[in-house]
Amino acid sequence: MKSLIDTIKWEVNSPRSDGYLHFSTDLQNPRHTCISWVHGYPMVDRPWMNTFPLLQGTAIHEYIHTVMHNNEDWNYVSEQPIVVDDREYPWRGTVDAYLDNPDGETWLIDYKTASGVSLSFMNEPKPEHVLQVSAYYHYGISVPNMRVGILYLPSSPDYKRRWEEPRFYEIAPLRRAEVVSQIVEVETAIDLYEHTGELPDPLEGETSWKHNKRNKNWELWYKPHYSSMFCPWRGLENDPCGCSTQKPELMEVVDIDPIEQAAMIIKNEEENDDDSV
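These notes cover the structure that comes with them. Here the structure is a predicted model, which means the values were calculated and not measured.

**A closer look at the overall build of the protein**
Helix and strand content of the protein: seven helices and nine strands. For the C-alpha atoms alone, the extent of the protein along its principal axes is close to 70 × 55 × 45 Å. A sequence separation of at least 24 residues applies to 63% of the contacts in the protein between residues at least 6 apart.

Here you go:
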């Protein structure tokens, strides 16, 4: 039944191409959005390991909606569309749920599935998810005193084969001006790319110190933004993005713990200030 498997994989992995920009996928990475808007996403034969999480996430959302709709103690409205047509480009979104809980509080809720490994290291909501729900908050239904939350649901065990409990974060939405600024950045980038072919830089990664025990020193490494690992054009012969070709880069090497070094510098500066008094 290879044809059955192929049909499932094709339907699940088919790129979205509806002529709209989406708050869930297009607001966070202007470089990827430019390419997908102009050229579309590539359709590649992805392995089942890439297909299953998408099926799993959809199934979890649908089951939660069923449970909550059947609970008479909660006023629960799911899958509410957001339409924004007063921008240069049309934007769309879908709020997972608006709800009134038994305490009379009104919430905007977004559900996110995450691997157990990812969740075990999470200590705050992801910035791109905060940006997404902030857009929903400002462009969706307006309700006085509405609160906003993200519920992360583990889709697999962690690296020790233990299941994390779901994790809920209440979000303080970004200001509307911050959301609009990001929208403008994306729209401006698309205009520039369409007229000149110039792409925005890849999202900036992060730097961190690592202790090299063998060499007995400390190394400052630059790690590309994690989105480069999931670039839709990664591995293609004609890759229009190229962000996935970025590699970790050694920036600096020191012989002393950089935290101790910083503390020594601060101490010396304080001593010099005392001597000058």
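Having put the structure on the table, let's press on.
**Considering the packing of helix 5 (residues 127–139) against helix 6 (residues 176–196)**
One can describe the packing of helix 5 onto helix 6 by two numbers: an axis separation of 10 Å at closest approach and a directional angle of 110 degrees. By the angle between their directions, the pair helix 5 and helix 6 is classed as roughly perpendicular. Considering the relative orientation of helix 5 and helix 6, their crossing is left-handed. Each of Leu131, Ser134, Ala135, His138 and Tyr139 in helix 5 lies in contact with helix 6, whose residues at this interface are Arg176, Val179, Val180, Gln182 and Ile183. Its residues assigned to classes, the contact of helix 5 with helix 6 shows six nonpolar, three polar and one charged.

**Examining the sheet that holds strand 9 (residues 249–254)**
The strand order across the open sheet formed by three strands is 7-8-9, and the pairing between neighbours is antiparallel. Where the open sheet ends on each side, the last strands, each with one partner, are strand 7 (206–212) and strand 9. With strand direction ignored, the average angle separating the axes of adjacent strands in the sheet is 25 degrees. Where strand 8 (residues 217–223) lies against strand 9, five bridges are found, and the strand directions are antiparallel. The partner of Glu219 across the bridge, within strand 9, is Val253.

**Looking at unusual backbone geometry**
Within the chain, Arg161 stands out as a residue other than glycine whose phi angle is a positive 65 degrees. Positionally, Arg161 belongs in the loop between strand 5 (147–154) and strand 6 (167–171). In the Ramachandran plot, Lys216 falls in the positive-phi region, its phi being about 55 degrees despite a non-glycine side chain. Checked against the element boundaries, Lys216 lands in the loop between strand 7 and strand 8.

**Regarding helix 2 (residues 30–39)**
An α-helical turn contains 3.6 residues, so a residue and the one three or four places further along point in the same direction. In terms of burial, helix 2 is a largely internal element, seven of the ten residues being buried. Within helix 2, burial applies to Pro30, Arg31, His32, Thr33, Cys34, Ile35 and Ser36. Where helix 2 is buried, its residues touch strand 1 (21–22) and helix 6. Gly40 occupies a position one or two residues after helix 2 and carries a positive phi of about 80 degrees.

**Regarding the packing of aromatic side chains**
Scanning the model with the defined rule gives nine aromatic pairs in all. Ring centres of Phe23 and Tyr139 lie 5.8 Å apart, and the angle between their planes is 20 degrees; on these two criteria the pair is classed as stacked. Remark: Tyr139 occurs in helix 5 and Phe23 occurs in the loop between strand 1 and helix 2; sequence separation between them is 116 residues. Residue Tyr139 is classed as buried on the basis of its relative accessible area of 15%. The ring of Tyr226 carries the charged tip of Lys126 above its face, separated from the ring centre by 5.6 Å.

**Some points on the pattern of salt bridges**
Applying the stated criterion across every chain, the model contains eight salt bridges. The partner of Arg147 in a salt bridge is Glu105, and the shortest N-O contact between them spans 2.8 Å. Note that Arg147 is positioned in strand 5 and Glu105 in the loop between strand 3 (91–100) and strand 4 (106–114), a separation of 42 residues in sequence. Take Glu105: its relative accessible area is 27%, and that puts it in the partly exposed class.

Criteria and cut-off values
Residues numbered from 1 in each chain as written. Predicted model: local features only at pLDDT ≥ 70, side-chain atom pairs only at ≥ 80, totals over all residues. Heavy atoms only, no water. Helix = DSSP H or I, 4+ residues; strand = E, 2+ residues; numbered from the N terminus. Contact = heavy atoms within 4.5 Å. Axes fitted to C-alpha atoms, helices over the stretch in contact; angles between N-to-C directions. Parallel < 35°, antiparallel > 145°, perpendicular 65-115°, else oblique. Left-handed = near helix turned anticlockwise from the far one by under 90°. Nonpolar A, V, L, I, M, F, W, Y, C, P; charged D, E, K, R; others polar. Pairing = 2+ DSSP bridges. Buried < 20%, exposed > 50% of the residue type's maximum accessible area, 1.4 Å probe, protein only. Phe/Tyr/Trp six-rings, centres within 6.5 Å; stacked < 30°, edge-to-face > 60°. Lys NZ or Arg CZ within 6 Å of the ring centre and 35° of its normal. Salt bridge = Lys/Arg side-chain N within 4 Å of Asp/Glu carboxyl O.

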